[in-house]
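Listed here are the chains, written in short residue letters.
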Amino acid sequence: MANEQKTVTASAPKATEQTAPKQQAKSSGGRFLFELFCAAIFLGMIGLVTYNAFLRYAFRSSFPPSEEWARFLFIYVTFFGAIEAFYHRKHIIVDLVIDHLHGMSRKVVDVVAILISMATMGLLLLGGISYVQQTMDTYSVSTNINMAFINCTLPICAAAALVIFVRDLRNVLRTPAALTNPKKSKEERIQEFLKGEEL
């Protein structure tokens, strides 16, 4: 019996070690494709703006469809870039107060902030869906594109942000209060900052 228990406990970590890299590979592959998609949109927008600038400089005229496409791609970059910022938690944040909170007080503030963010994204999702429905019969002037395909980026961004906030809320609730933003010395903060700069 003792040998069987040892083999079971020994095989359990191996199974988790084998499944963890697979999950990381799937998430990293999807993240790479999404980042590639955002980069392609951004480069396309830069190319169209450069093309229009060249036409204005060389021929004193512009190509209206390219201007419209550049504006549409800018909208895509804005909302899909916001999804990327939410995923990596690189969005604008005012941490002047929360950096001085530790333990349970920091955990409570994090939970309240996430719940407020989820409520805001819920309003954006409902408003975005309503706006898309209102513009389903509207087409752009130069490219004749249905504006619903452009305006759908708002509810998509809100829905993705909701999923990310649910993940963050789950992680915050699972984290013990003692491990929520523990107090660190100046040397430890400097080391963490330097590691972040290296990454």
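Residues numbered from 1 in each chain as written. Predicted model: local features only at pLDDT ≥ 70, side-chain atom pairs only at ≥ 80, totals over all residues. Heavy atoms only, no water.

Caption draft 1: Representation of the overall build of the protein in the model. Each helix and strand counted, the protein has six helices and zero strands in total. Starting at the N terminus and ending at the C terminus, the protein contains elements arranged as α-α-α-α-α-α. The buried share of the protein, reckoned over its 199 residues, is 24%. Once local pairs closer than 6 in sequence are excluded, the contacts in the protein between residues at least 24 apart make up 73%. A total of about 14300 Å² of accessible surface is found on the protein, and carbon and sulfur atoms cover 67% of it. (Helix = DSSP H or I, 4+ residues; strand = E, 2+ residues; numbered from the N terminus. Buried < 20%, exposed > 50% of the residue type's maximum accessible area, 1.4 Å probe, protein only. Contact = heavy atoms within 4.5 Å. Areas by Shrake-Rupley, 256 points an atom, 1.4 Å probe, with all protein chains shown as cover.)

Caption draft 2: Structural view of the nonpolar core. In terms of nonpolar packing, the biggest core is built from 13 residues, with Phe86, Ile114, Met118, Met121 and Phe165 touching the most fellow members. Sorting the residues of this core by element identifies α3 (104–134) and α5 (153–174) as the ones contributing at least two each. The element best represented in this core is α5, accounting for seven residues. In contact with Phe86, not counting residues within four places along its chain, are His91, Met121, Ala161, Ile164, Phe165 and Arg167. Membership of the second largest hydrophobic core comes to twelve residues, among which are Ile41, Ile145, Met147 and Ile150. (Core = buried A, V, L, I, M, F, W, Y, C linked by side-chain atoms within 4.5 Å.)

Caption draft 3: Focus on a nonpolar patch on the surface. Taken together, Met104, Val108, Val112 and Ile116 make up a surface patch of nonpolar side chains, about 370 Å² in accessible area. Within the secondary structure, Val112 sits in helix α3. (Patch = residues over 30% accessible without salt bridge, like charges linked within 9 Å, V, L, I, M, F, W, Y side chains within 5 Å. Salt bridge = Lys/Arg side-chain N within 4 Å of Asp/Glu carboxyl O.)

Caption draft 4: Structural view of the confidence of the model for the protein. Taken over all residues, the pLDDT of the protein has a mean of 82, while the share at 70 or more is 82%. In this model, residues 1–20 is a region of pLDDT below 50 whose contacts with residues beyond four sequence positions or in other chains number zero contacts. (pLDDT = per-residue confidence, 0-100.)

Caption draft 5: Quick look at the packing of α3 against α5. For the pair α3 and α5, the least separation of the axes is 8 Å and the interaxial angle reads 160 degrees. Looking at the two axes, α3 sits roughly antiparallel to α5. The element α3 and its partner α5 pack so that their crossing is left-handed. Looking at the contact of α3 with α5, its residues break down into 20 nonpolar, three polar and three charged. (Axes fitted to C-alpha atoms, helices over the stretch in contact; angles between N-to-C directions. Parallel < 35°, antiparallel > 145°, perpendicular 65-115°, else oblique. Left-handed = near helix turned anticlockwise from the far one by under 90°. Nonpolar A, V, L, I, M, F, W, Y, C, P; charged D, E, K, R; others polar.)

Caption draft 6: Molecular detail of the packing of helix α2 (residues 64–88) against α5. Two numbers describe how α2 lies on α5: the axes approach to 9 Å, and their chain directions differ by 0 degrees. Compared by their axis directions, α2 and α5 come out roughly parallel. In this structure, α2 uses Ile75, Tyr76, Phe79, Phe80, Ala82, Ile83, Phe86 and Tyr87 to contact α5, whose residues at the interface are Thr153, Leu154, Ile156, Cys157, Ala160, Ala161, Ile164, Phe165 and Arg167. Its residues assigned to classes, the contact of α2 with α5 comprises 15 nonpolar, one polar and one charged.

Caption draft 7: Summary view of the pattern of salt bridges. Within this structure, the stated rule accounts for five salt bridges. Its salt-bridge partner being Arg89, residue Asp168 comes within 3.2 Å of it at the nearest N-O pair. One end of the pair, Asp168, is in helix α5; the other, Arg89, is in the loop between α2 and α3, and 79 residues separate them in sequence. Overall, the relative accessible area of 6% leaves Asp168 in the buried class. Asp110 serves as the salt-bridge partner of Arg106, at 3.1 Å between the closest nitrogen and oxygen. Note that Arg106 and Asp110 are positioned in helix α3 at a spacing of four residues, about one turn of the helix. When its relative accessible area of 18% is taken as the criterion, Asp110 is described as buried.

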